[in-house]
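Given next are the chains, with one letter for each unit.
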Amino acid sequence: GAVVSQHPSWVICKSGTSVKIECRSLDFQATTMFWYRQFPKQSLMLMATSNEGSKATYEQGVEKDKFLINHASLTLSTLTVTSAHPEDSSFYICSARDLDRGTDTQYFGPGTRLTVL
Amino acid sequence: AQTVTQSQPEMSVQEAETVTLSCTYDTSESDYYLFWYKQPPSRQMILVIRQEAYKQQNATENRFSVNFQKAAKSFSLKISDSQLGDAAMYFCAYRSWGSQGNLIFGKGTKLSVKP
């Protein structure tokens, strides 16, 4: 299957700082990428849909000024958590939509664990 | 709006035995995709199997197969010859045919495999 990487895999930061998470599709081009948040022992919650070259579409209740998404190229999307607070601590997962192989399947990155002190 | 329901929070199976995980969904659409994803302790989401709603034949991937009942809006996953490595959270997911590709997930079923 297709490979999606995420960096960093874990990050600890102080309250008030900003953190950037990168999501890359390594062997395919992804015009659409997605960002999810997962709390312990819960399902994935879609935060936003990111399209290359255009503004992200945020789900209801997700603060777009706090979670900045940039999809600058067909293989890279970034999520920046601005002015992070302890309640932003969570597991963030990205995925990328693979249309190249004709299967139109979503592949996931390994996730980033964010801890805000 | 579409919803996905997994009614079994936890399941357990003996190694080498067969287990079936349940998933039901609600939609008014006629064309869509259904998926089963596996999330092991590493938390990496892995695609297990997919089914297009227009296909009557049930999808199969090695030891994994589905029972897709479109009229009943049911999409169960059968794991045959269970292995220790199958222990994980399993998520059922729905995707609209013409959407950007965003998935709607169920709450998941935690599968334990006993040696």
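Overview of the structure.

**Section: the state of the cysteines**
- Following the criterion strictly, the structure yields 2 disulfides over all chains and no others.
- Note that cysteine 23 of chain A is cross-linked by a disulfide to cysteine 94 of chain A, the S-S spacing being 2.0 Å. Taking the sign of the S-S torsion, 80 degrees for the link of cysteine 23 of chain A and cysteine 94 of chain A, the bridge is right-handed. Highlighted residues: cysteine 23 of chain A in strand β3 (residues 19-25) and cysteine 94 of chain A in strand β9 (residues 90-98), separated in sequence by 71 residues. As far as the burial class goes, cysteine 23 of chain A and cysteine 94 of chain A line up, both buried.
- Two residues, cysteine 23 of chain B and cysteine 92 of chain B, share a disulfide whose sulfurs are 2.0 Å apart. Judged by the sign of its S-S torsion, about -70 degrees, the bond between cysteine 23 of chain B and cysteine 92 of chain B is left-handed. Placement of the pair is cysteine 23 of chain B in the loop between β3 (19-21) and β4 (24-26) and cysteine 92 of chain B in strand β10 (residues 88-96), with a sequence separation of 69 residues.
- Note on cysteine 92 of chain B: relative accessible area 1%, which makes it buried.
- Take cysteine 13 of chain A: it sits in no disulfide, and the sulfur closest to it among the cysteines is that of cysteine 94 of chain A, at 18 Å.

Scoring rules and cut-offs
Residues numbered from 1 in each chain as written. Chains lettered and ligands numbered in written order. Predicted model: local features only at pLDDT ≥ 70, side-chain atom pairs only at ≥ 80, totals over all residues. Heavy atoms only, no water. Disulfide = S-S within 2.5 Å. Helix = DSSP H or I, 4+ residues; strand = E, 2+ residues; numbered from the N terminus. Buried < 20%, exposed > 50% of the residue type's maximum accessible area, 1.4 Å probe, protein only.

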